[in-house]
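# Fold and geometry: a report
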Amino acid sequence: MSTLQVELVAADRKVWEGPANQVSARSIDGDLGILPGHQPILAVLVQGEVRIHHDGTVGTAVIDNGFLSVNKDVVTIVAEDVDASKLGA
Amino acid sequence: MGAQIREYRQRIRSVSATKKITRAMELMAASRVVKAQQAVRESTPYARALTRAVSAVATFSNEDHPLTSEKEDVKQAAVLIIAADRGLAGGYNSNVLKESERLVARLVDEGKEVRAYLVGRRAVNFYTFRRRDFVAEWTGFTEKPTFENAREIGEKIVADITDPDPDSIDEVHVVYTRFVSMVTQEPQVIRLLPLEVVEGEEKPAKEDLLPLYSFEPSAEGVLDALLPKYVNARLFNCLLQAAASELAARQRAMKSATDNAEELIRKYTRLANQARQAEITQEISEIVGGASALAESK
């Protein structure tokens, strides 16, 4: 199974970048889970946690409202403020 | 004679003190300009992601968003002037303000009423000194703007332009200084609102052009959420570039001030030496003259 390439971008820098098997975030319409092969989507996110699953470990980052775009297994999560302190490496 | 030397020495002392200050400011600006440039670079991933997203939505939605639709007759135009909090940066402030004056004159010529929004104490002083009105001011961060600052400005502007009151502003122009390189910074005018999406320096490459996105909640909903962010991101970029330009201009101004101080010190040292030498020469000739007068009188 292919993996997702995840980018976490805050207003003033790129916070984190890495591979993942699954990403889940809270969009305006409810929780949203992204697996590899997801169709291209642009979703507005509300304040909350983004969970990035990779090889059995789960990293979380707290974002304020932002958006998420998926295109060809590249997931870009963009928010003005990103707290990625609980996200390893 | 002695008084002259003392005066020169005094001048040398005072110029050296000035030189120390300008040198310190030069070094400070030099170290901060690097950080400012880095901040500009680090903000590009965000701007790029937003630009791509906004252009993706914009092509799918024909919705007339208040931030993108052009009004037919524009009565009130807002001008956001980004200057510095402090002077001592060569022509930096006056260049921006001159450019803004040109823009204001042009807008008035077009029959628009101009509302000023000011960033930086220098711009505020410029307006208060001329007893002109302005709508809002933001000061105290021009050397090191944060995203928070950009958001504050963006929220105010977006709120004003979406205000349904016919007396509210219809378009927004920004005057800032673009950072071209360490030696060149150009004052620049951009029209921020209504937005022209998909302009900009970075066009996405052909192959990754616009996949068929699905939108959540809806194309309009996404556009509503994204456009204000896009405005903020552009403002943030303007603020960062202006900050880098300000520091680069200050560094250059302080470098030439330091050079001038050195030149002055050299000049006064020469003069002081000359005066001292003249004094010695005069003393000698007085002694010789006195001695020979004594010898002759014998």
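Residues numbered from 1 in each chain as written. Chains lettered and ligands numbered in written order. Predicted model: local features only at pLDDT ≥ 70, side-chain atom pairs only at ≥ 80, totals over all residues.

Turning next to the overall build of chain A. Helix and strand counts for chain A come out as zero helices and ten strands. Its helices and strands taken in sequence order, chain A reads β-β-β-β-β-β-β-β-β-β from the N to the C terminus. Computed over C-alpha atoms, the radius of gyration of chain A comes to 12 Å, within 12% of the 12 Å expected from 2.2 N^0.38 for 89 residues, which places it in the range of a compact globule. Counting only C-alpha atoms, chain A reaches 30 × 30 × 20 Å along its principal axes. Evaluated residue by residue, chain A yields a buried proportion of 37% over its 89 residues. Sequence separation of 24 or more characterises 49% of the internal contacts of chain A that already satisfy a separation of 6 or more. (Helix = DSSP H or I, 4+ residues; strand = E, 2+ residues; numbered from the N terminus. Rg over C-alpha atoms; globule rule 2.2 N^0.38 Å. Buried ≥ 20, exposed ≤ 12 C-beta atoms within 10 Å, placed from the backbone. Contact = placed C-beta atoms within 7 Å.)

With respect to burial, strand β8 (residues 66-71) of chain A is a largely interior element, five of its six residues being buried. Hairpin connection, β8 of chain A to strand β9 (residues 74-79) of chain A: the antiparallel pair is bridged by two residues, and Lys 72 of chain A has positive phi, about 50 degrees. (Pairing = 2+ DSSP bridges.)

Overall, the prediction assigns chain A a mean pLDDT of 87, with 96% of residues at 70 or greater. The secondary structure element of chain A with the lowest average pLDDT is strand β10 (residues 82-83) of chain A, at 84, and the one with the highest is β9 of chain A, at 91. (pLDDT = per-residue confidence, 0-100.)

On to the packing of helix α2 (residues 44-60) of chain B against helix α6 (residues 219-297) of chain B, then. All names here are of chain B. Remark: α2 packs on α6, axes separated minimally by 9 Å, with the N-to-C direction vectors making an angle of 145 degrees. The crossing of α2 and α6 is left-handed. For the pair α2 and α6, contact is made by Tyr 46, Ala 47, Leu 50, Ala 53, Val 54, Val 57 and Phe 60 and by Ala 219, Val 222, Leu 223, Leu 226, Leu 227, Lys 229, Tyr 230, Ala 233 and Asn 237, respectively. In the contact of α2 with α6, the residues fall into 14 nonpolar, one polar and one charged. (Axes fitted to C-alpha atoms, helices over the stretch in contact; angles between N-to-C directions. Left-handed = near helix turned anticlockwise from the far one by under 90°. Nonpolar A, V, L, I, M, F, W, Y, C, P; charged D, E, K, R; others polar.)

Formed by 99 residues in total, the largest nonpolar core has its most connected members in Phe 67 and Ile 77 of chain A together with Leu 50, Ile 81, Ile 82 and Leu 226 of chain B. With 22 residues, the single largest contributor to this core is α6 of chain B. Among residues more than four places away in sequence, those in contact with Phe 67 of chain A are Leu 42, Ala 43, Val 44, Leu 45 and Val 78 of chain A together with Ala 53, Ala 225 and Leu 226 of chain B. (Core = buried A, V, L, I, M, F, W, Y, C linked by C-beta atoms within 7 Å.)

At the interface, 25 residues of chain B touch 21 residues of chain A. When residues of the side of chain B that touches chain A are traced back to their parent elements, those giving at least two are α1 (2-42), α2, α5 (147-162), β6 (214-216) and α6 of chain B. Ranked by residue count, the leading element in the side of chain B that touches chain A is α2 of chain B, at seven residues. Grouping the constituent residues of the side of chain B that touches chain A by class yields 19 nonpolar, three polar and three charged. Here strand β5 (residues 41-45) of chain A runs beside β6 of chain B; their pairing, made up of three bridges, is parallel.

Residues and elements named next belong to chain B. Taking strand neighbours across the sheet as the criterion, the five strands line up as β3-β2-β1-β4-β5 in an open arrangement whose pairing is mixed. This sheet does not close on itself; its edge strands, each paired only once, are β3 (136-138) and β5 (185-193). Along the sheet, successive strands turn relative to each other by an average axial angle of 25 degrees, direction set aside. Pairing geometry for strand β1 (residues 76-82) and strand β2 (residues 113-119), over seven bridges, is parallel. Within β2, the position partnered with Ala 78 by the bridge is Arg 115. Against the sheet, α5 makes contact with β1, β2, β3, β4 (171-179) and β5, and its axis sits at roughly 170 degrees relative to β3, the strand it touches most.

Right, let's get into the domain arrangement of chain B. Residue and element names in this part refer to chain B. With domains assigned, chain B is organised as domain 1 (2-25 + 255-293) and domain 2 (27-253). Here the C-alpha centre of domain 2 lies 52 Å away from the C-alpha centre of domain 1. Of the residues lining the interface, six residues belong to domain 1; the matching set on domain 2 comes to eight residues. Of all the secondary structure elements, the ones that give two or more residues to the side of domain 1 that touches domain 2 are α1 and α6. (Domains from an automatic or database assignment.)

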